[in-house]
Every structure is written in C-alpha cells, then in structure tokens.
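As a plain string of letters, each chain reads:
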Amino acid sequence: TMMILSLDGPDHRLAQISVPRDLRVAIPGFGYNKINAANAFGGVDLAKQTVSDTFGLPINYYVKTDFSGLKGLVDAVGGVDVTVKVRLVDREYPCDDNQYKVCGLDIEPGLQHMDGTAALQYVRCRKGTCGNDFGRAARQQELLALLRPKLMDPYLLLSPVKLKLLADATEKGIKTDLGLFQLLELANSWRVNSANKPVNLVLSTGRGGYLRSDPSGSSDLLPIGGNFSAISDKIKAVFSSEGITPTL
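Residues numbered from 1 in each chain as written. Predicted model: local features only at pLDDT ≥ 70, side-chain atom pairs only at ≥ 80, totals over all residues. Heavy atoms only, no water.

## Let's talk about the confidence of the model for the protein chain
Counted only if it meets this: Confidence scores labelled pLDDT are given residue by residue by the predictor and lie between 0 and 100. Contact criterion: two residues are considered in contact whenever any of their non-hydrogen atoms come within 4.5 Å of each other.
In the predicted model, the protein chain carries a mean pLDDT of 85, and the fraction of residues at 70 or more is 90%. Contacts from residues 242-248, a stretch scored under 50 in pLDDT, to residues over four places away or in other chains number 23 contacts.

Right, dumping it as structure tokens:
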C-alpha cells in the first residue's frame, strides 16, 4: 500500500492520494515495473525517489508501518467505529495466524466497533465484494480519518495504559525519518485542522481516476494519455480542487 500525504499549512487541510501498487512506472536503476517493486528493490529511499520522479513532486519524509503497527495503533486508542457501507466478502482472505492459508472474510454492513484485527481486515481485503485495490485504498483513507481525532484526543495523554500501548505499537511496527520536533509539529497541525475533512483522491481506472488497464492484458495500470503529467498537475493543485472524493 502506498499513499501520498500532503499537509497545507495556511488552510489547515490534509490531502490523501492513494497510489495503486500495480501502477507501471520507471524505477531508477531497474527499468519499468510496478511501483510497489521499488521498495522491494531498494527500500524506502528508492520508493521515495520513484514516487518523486513519477509525479514530479518532492517526497520530504516517510512513515512506514506493517500489519502489527496498524493493529497496535487501533487497539491503543480503544478501537474505531466504522460504518460498513456494503457487505464485504473475500473468500480468499488469508488467516490471521497464517498468511499462506485461506480463511475467508465476511463483514456485515452497518455501524461496527472494530479492534485492531477487524480494522486490518477491513482495510486489507481486496477480492470478492471488497472492491479490488481501489476499494481497499478508499477504506484505508477512511480508517486514517477515523484514527486521526482519536490519536489527537487529549485524554489519550492522560492514560498511562493507552500511552504504553501507543508507544509499543509505534516502536515495533512504525518507522519514519521525521524527527521528534517535526512529529510534534505535525501532531499540532493535525489537531488544528481536525475540523477540516481530508481531501481524498484514489488513482484508479474509474471515472476521473486518471488510469487505464494495460491493453496487452497484464495486470499493470497505465496513465491515461501515456504520461503522468495530468496526474502530477492534479496532485499539485489538490488543495484548490473542490469536491474530490475517493474514486472506486
């Protein structure tokens, strides 16, 4: 999963742009491949460079988390309340304790309180009725929006137990090159702009999603028009664009 986050200081707005893992791009030193291969080939540094080169914008910092980090964050804040819009059935979803075994997944619609395990299932499933990689990306943005106010809740700072859980999740499952001062500054910005809804954009093959399928039949995704200029322009002007919603 790859997401570009941009914080607009003057207007206190946050933009979330989800980049599908199957997007075919030029990876420096490795030729053309799916964008998620950049991290496998050269770690975070190559992934940052690839995203920056592809979309023509600076990637100043990174935050990297694994499954345990996400589960730990959700559990540390006491879970999240999620309104599941449609029944999500993924009969190929792997087992929680064995990623090489299939257990399947069935999440009923309606308001649900999810712990870390359930939240991970909600944002990770991508087959069956889960809406493929684009639906998954939209749910990931939704979960971040639900987590943000909980992480900024002042009562969290008054709970030693929750602070310990949050610290453990951060230490074990999250890596970043943001310094302490920058993290505090980011947290304060998130607190100030908590009243503003994030600007969401999911690059997809749907209407207004800027991508198309590979006509040769591969699973790669290609930019409409043959290059990334339109996407780059959209991302650079994302805060001045009104009414952007996740494209499924």
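## Some remarks on the environment of D53
Note the threshold: Counting from the N terminus, the helices are DSSP H or I runs at least four residues long and the strands are E runs at least two residues long. Remark: exposure states derive from per-residue accessible area (1.4 Å probe, protein chains only) relative to the maximum for the residue type, with buried under 20%, exposed over 50%, and partly exposed in between.
Within the secondary structure, D53 is located in helix 1 (residues 37-55). Accessibility expressed as a relative area gives 48% for D53, which makes it partly exposed. Distance from D53 to A26, taken between C-alpha atoms, is 8.4 Å for residues 27 residues apart in sequence.

## Brief notes about the nonpolar core
Side chains that are nonpolar tend, in soluble globular proteins, to be buried together. The test is simple: Note on terminology: a nonpolar core comprises buried Ala, Val, Leu, Ile, Met, Phe, Trp, Tyr and Cys residues joined through side-chain atoms within 4.5 Å.
Membership of the largest hydrophobic core comes to 30 residues, with the highest contact counts inside it found for I4, V19, L23, F55 and L203. Those elements that provide at least two residues to this core are strand 1 (2-8), strand 2 (13-19), strand 3 (24-27), helix 1, helix 4 (132-151), strand 13 (199-202) and helix 8 (229-236). With 6 residues, the top contributor of residues to this core is helix 1. In contact with L23, other than residues within four places in its own chain, are N33, K34, I35, F55, L211, L221 and F228.

## Observations regarding the state of the cysteines
Heads up, the condition is: Working definition: a disulfide is two cysteine sulfur atoms within 2.5 Å of each other.
This structure, assessed with the given rule, holds 2 disulfides. Linked covalently through their sulfurs, C95 and C103 form a disulfide whose S-S length is 1.9 Å. What sets the handedness of the C95 and C103 disulfide is the S-S torsion sign, and at about 90° it is right-handed. Judged by its relative accessible area of 2%, C95 is buried. For C125, the disulfide goes to C130, at an S-S distance of 2.2 Å. Its S-S torsion of about -100° marks the bond between C125 and C130 as left-handed, since a negative value means left-handed. The class for C125 is buried, based on a relative accessible area of 0%. The connectivity of the disulfides in the protein chain is 1-2, 3-4, where the numbers refer to bonded cysteines in sequence order.

## Here we look at the packing of aromatic side chains
By convention here, two paired aromatic rings are described through the distance between centres and the angle between planes. Selection rule: Two aromatic rings, drawn from Phe, Tyr or Trp (for Trp, its six-membered ring), form a pair once their centres lie within 6.5 Å of each other, and the interplanar angle then sorts them: stacked below 30 degrees, edge-to-face above 60, tilted otherwise. Both a distance and an angle decide whether a charge sits over a ring: NZ of Lys or CZ of Arg must be within 6 Å of the ring centre and within 35 degrees of the ring normal.
Taken as a whole, this structure holds 2 aromatic pairs when the rule is applied. For the pair F30 and F41, a centre-to-centre distance of 4.5 Å together with 15° between the ring planes defines the contact as stacked. You can see F30 sitting in the loop between strand 3 and strand 4 (31-34) and its partner F41 sitting in helix 1, a full 11 residues away along the chain. On the accessibility criterion, F30 (44% relative accessible area) is partly exposed. Residue classification places F41 among the partly exposed residues on the basis of a relative accessible area of 38%. Positioned above the aromatic ring of Y93, the side-chain terminus of R124 is 5.6 Å from the ring centre. Against the face of Y122 rests R139, its NZ or CZ located 5.7 Å from the ring centre.

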